[in-house]
Amino acid sequence: MRVPAGSGAVDEASAAAVAERFHDEHRQLYGYDFRDDPRQQVEWVNLRVTGVGPITRPELREIPARDGDPLSARSTRDVCFDADAGYVATDVYWRPDLRAGDSFSGPAIVEEFGSTVPVHPGFTVRVDAFGNLVVTKEAQ
């Protein structure tokens, strides 16, 4: 059951008030409570906190375009995108190496510290001015 805790510091008195509200809600919902049974404790399972305040929008910065050096994969590895097709040689790109305007077709893998993006055969990746990977299906 969700029971509002109110605002302010969480101390012994506020915790006791939340427990009382819990017992009141429990009695209203189920017709009984364990308020006077010392063997039964109110257990806080989740505590949700909401904060409201001003935020500063991040300043988006464009990434540089490639300055003449060609885009090249960091490595190649065999990857299975489709069980029927089996493993295919797949270029592996390191995302921090990508520049605005770079483009390549799948099969490919884009790796970075926190994620991996598989690019299936039949799809193309274009890196936009802000470093986003725009993945589109190639025309058939």
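For the structure, see preceding data.
Caption draft 1: Region of the structure containing the layout of surface pockets. Approximately 630 Å³ is the volume attributed to the largest pocket. Looking at the largest pocket, it is lined by 21 residues, and the ones nearest its centre are Val3, Ala5, Asn46, Leu47 and Arg48. The class makeup of the residues in the lining of the largest pocket is 13 nonpolar, five polar and three charged.

Caption draft 2: Up close: the pairing of strand β1 (residues 75-82). As paired strands, β1 and strand β2 (residues 86-94) are joined by seven bridges and run antiparallel to one another. Residue Thr76 lies in a different strand from β2, and its bridge partner there is Asp91. Between β1 and β2, which pair antiparallel in sequence order, lie three residues.

Caption draft 3: Looking closely at the sheet that holds strand β3 (residues 103-105). The antiparallel open sheet is built from three strands, whose spatial order is β3-β6-β7. In the strand order of this sheet, the two ends are held by β3 and β7 (133-137), each with one partner. This sheet shows a mean twist of 20° between the axes of neighbouring strands, independent of strand direction. For strand β6 (residues 123-127) and β7, the ladder comprises five bridges, and the chain directions are antiparallel. Paired with Thr124 across the bridge in β7 is Thr136.

Cut-off values and rules
- Residues numbered from 1 in each chain as written.
- Predicted model: local features only at pLDDT ≥ 70, side-chain atom pairs only at ≥ 80, totals over all residues.
- Heavy atoms only, no water.
- 1 Å grid on protein atoms, 1.4 Å probe; cavity = no way out; pocket = protein on both sides within 12 Å on 5 of 7 lines; lining within 4 Å.
- Points joined across faces, edges and corners; volume = space filled by probe spheres on them.
- Nonpolar A, V, L, I, M, F, W, Y, C, P; charged D, E, K, R; others polar.
- Pairing = 2+ DSSP bridges.
- Helix = DSSP H or I, 4+ residues; strand = E, 2+ residues; numbered from the N terminus.
- Axes fitted to C-alpha atoms, helices over the stretch in contact; angles between N-to-C directions.

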